Amino acid sequence: MVGYDPEARCVSTVEAAVAGSASGLVTRVLVSPLDVIKIRFQLQIEQLSSRNPGAKYHGILQAVQRIFQEEGLVAFWKGHVPAQFLSVGYGAVQFMAFESLTKLVHNVTSYDARGSFVHFVCGGLAACTATVAVQPVDTLRTRFAAQGEPKIYHNLRHAVVTMYQTEGPRAFYRGLTPTIVAVFPYAGFQFSFYNILQQFSEWVLPAEGKNGGNMKNLICGSCAGILSKTLTYPFDVFKKRLQVGGFEHARAAFGQVRTYSGLLDCMRQIMREEGPGGFFKGLSPSLLKAAVSTGLIFFWYELFCSLLCALKNNDRTPRKEG
């Protein structure tokens, strides 16, 4: 059901937005701890190794234990309120735009709206649209997840007012350039790989039918998430580093801090001080998160779309009988 299908028209663009929002909300609750760990890894200047005495975090299990001991269980959901706004808004805009774009391709071009290339382009454009819409919330989410104790921002309202007064409105769009550069291929690969894997699974298991459809959606989404995240990961690191610019004082408890003047300066400093491995800091929890979140996003989206279709069909049945 992902993307416009003229042979199975059921979900409108508004319903796609509702399903996208719901899938984003449920998925965010489940993957928030992985997101917090990933952000902590990405922002750490020191090498992620137990051999480095200055490194606060060494690996996933060690990070989980340390965050729990120092900040408690709720730390794994730091920034969860803005993260939920992000997920709900992003899911709504992305899937609504994707359904609309694939429908437009079907109506005004000769391309097959269900083709992998079309899904790549439409998925990338839909994600760029959603990114611009929710970038301020993403910046807030990153700062909440990044701050240690004592907290710099006490709540969402305090963070918005403080950032606006001390850094100006442009602070909410820090990291937008690498985000846009990365999100187009990332989302494009997500949708196209998901499409390819779905077609492949139907070719390999043609008799499966609808019996294992939900599990198939989860597996295909997880694999698509891993592939797309690996190909575009460095830009996620650049984005996170730039988003905490002007926020260095809150990072003191986590180790060294750096100030970057822009995307190219960020790339140069990471390469010079941290080497090529710096571009892939936090890759392990990020891949784990990508597998879980992308799989769940497509799983819940397909499930909610199916439920909406079933409700519409049930509503039509009495009218036809009458």
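Scroll up a little and you will see the structure.
Description of the structure in this document. Bear in mind the structure is a predicted one, so any value in this text is a computation, not a measurement.

About the cut-offs
Residues numbered from 1 in each chain as written. Predicted model: local features only at pLDDT ≥ 70, side-chain atom pairs only at ≥ 80, totals over all residues. Heavy atoms only, no water. Helix = DSSP H or I, 4+ residues; strand = E, 2+ residues; numbered from the N terminus. Buried < 20%, exposed > 50% of the residue type's maximum accessible area, 1.4 Å probe, protein only. Contact = heavy atoms within 4.5 Å. Areas by Shrake-Rupley, 256 points an atom, 1.4 Å probe, with all protein chains shown as cover. Core = buried A, V, L, I, M, F, W, Y, C linked by side-chain atoms within 4.5 Å. Axes fitted to C-alpha atoms, helices over the stretch in contact; angles between N-to-C directions. Parallel < 35°, antiparallel > 145°, perpendicular 65-115°, else oblique. Nonpolar A, V, L, I, M, F, W, Y, C, P; charged D, E, K, R; others polar. 1 Å grid on protein atoms, 1.4 Å probe; cavity = no way out; pocket = protein on both sides within 12 Å on 5 of 7 lines; lining within 4 Å. Points joined across faces, edges and corners; volume = space filled by probe spheres on them. Left-handed = near helix turned anticlockwise from the far one by under 90°. Phe/Tyr/Trp six-rings, centres within 6.5 Å; stacked < 30°, edge-to-face > 60°. Lys NZ or Arg CZ within 6 Å of the ring centre and 35° of its normal. Salt bridge = Lys/Arg side-chain N within 4 Å of Asp/Glu carboxyl O.

## Points about the overall build of the protein chain
What the protein chain contains, in helices and strands, is nine helices and zero strands. Start at the N end of the protein chain and walk to the C end: the helices and strands fall as α-α-α-α-α-α-α-α-α. Residue burial in the protein chain is summarised as follows: out of 322 residues, 50% are buried. Sequence separation of at least 24 residues holds for 79% of the intrachain contacts in the protein chain that already meet a minimum separation of 6. Carbon together with sulfur atoms contributes 64% to the accessible area of the protein chain, which is approximately 15300 Å² in total.

## Things to note about the nonpolar core
Counting 18 residues, the largest nonpolar core has Val2, Phe98, Phe191, Tyr194, Phe298 and Tyr301 as its most contacted members. Going through the elements one at a time, α1 (13–43), α3 (80–108), α4 (116–146), α6 (176–204), α7 (213–243) and α9 (283–321) are the ones with two or more residues in this core. No other element matches α3, which puts four residues into this core. Formed by ten residues, the second largest nonpolar core is a distinct cluster that contains Ile45, Leu242, Leu263 and Phe279.

## Thoughts on the packing of α1 against helix α2 (residues 60–71)
Taken N-terminus to C-terminus, the directions of α1 and α2 make an angle of 100°; their axes are 11 Å apart at the nearest point. Classed by the angle they form, the pair α1 and α2 counts as roughly perpendicular. Contacts from Ile37, Arg40 and Phe41 of α1 reach α2 at Ile60, Ala63, Val64, Ile67 and Glu71. Partitioned by chemical class, the residues of the contact of α1 with α2 number six nonpolar, no polar and two charged.

## Overview of empty space enclosed by the protein
Across all of its chains, the model carries three cavities of 30 Å³ or more by this definition. Empty space within the largest cavity amounts to approximately 780 Å³. What lines the largest cavity is a set of 40 residues, and nearest its centre among them are Arg28, Tyr90, Tyr186, Gln190 and Lys289. Going through the elements one at a time, α1, α3, α4, α6, α7 and α9 are the ones with two or more residues in the lining of the largest cavity. Looking at the lining of the largest cavity, its residues break down into 16 nonpolar, 14 polar and ten charged.

## Thoughts on the packing of α1 against α3
Between α1 and α3, the least distance of the axes is 7 Å, while the angle of their chain directions is 145°. Pair α1 / α3 crosses with right-handed handedness. Between α1 and α3, the residues in contact are Thr13, Ala16, Ala17, Gly20, Ser21, Ser23, Gly24, Leu25, Arg28, Val29 and Ser32 and His80, Ala83, Gln84, Leu86, Ser87, Val88, Gly91, Ala92, Phe95, Met96, Glu99 and Ser100, respectively. Taken together, the residues that form the contact of α1 with α3 break down as ten nonpolar, eleven polar and two charged.

## Observations concerning the packing of aromatic side chains
For the structure shown, the criterion picks out 15 aromatic pairs. Consider the rings of phenylalanine 95 and phenylalanine 298, whose centres lie 6.4 Å apart with planes at 90°: the pair is edge-to-face. Of this pair, phenylalanine 95 sits in helix α3 while phenylalanine 298 sits in helix α9, and the two are 203 residues apart along the sequence. Of the two residues, phenylalanine 95 and phenylalanine 298, both sit in the buried class. Measuring from centroid to centroid gives 4.0 Å for tyrosine 194 and phenylalanine 298, while their planes differ by 5°, and the two rings are stacked. Of this pair, tyrosine 194 sits in helix α6 while phenylalanine 298 sits in helix α9, and the two are 104 residues apart along the sequence. For the pair tyrosine 194 and phenylalanine 298, a shared accessibility class is recorded, and that class is buried. Through pairs of rings, three or more aromatic residues link up here, namely Phe95, Phe98, Phe191, Tyr194, Phe298 and Tyr301. Above the face of the tyrosine 186 ring, lysine 229 is positioned so that its terminal group lies 4.5 Å from the ring centre.

## Thoughts on the layout of surface pockets
For the second largest pocket, the calculated volume is near 360 Å³. Arg170, Arg174, Gly175, Leu242 and Ser261 are, among the 21 residues lining the second largest pocket, the residues nearest its centre. Breaking the lining of the second largest pocket down by element, the ones donating at least two residues are α6 and α7. By residue number, the principal contributor to the lining of the second largest pocket is α6, which donates three residues. Here the residues of the lining of the second largest pocket are counted per class, giving eight nonpolar, seven polar and six charged.

## Describing the pattern of salt bridges
Applying the stated criterion across every chain, the model contains 17 salt bridges. Across the pair lysine 239 and aspartate 138 runs a salt bridge, and its minimum N-O distance is 3.1 Å. Of the two residues, lysine 239 sits in helix α7 while aspartate 138 sits in helix α4, which places them 101 residues apart along the sequence. For aspartate 138, a relative accessible area of 5% corresponds to the buried category.

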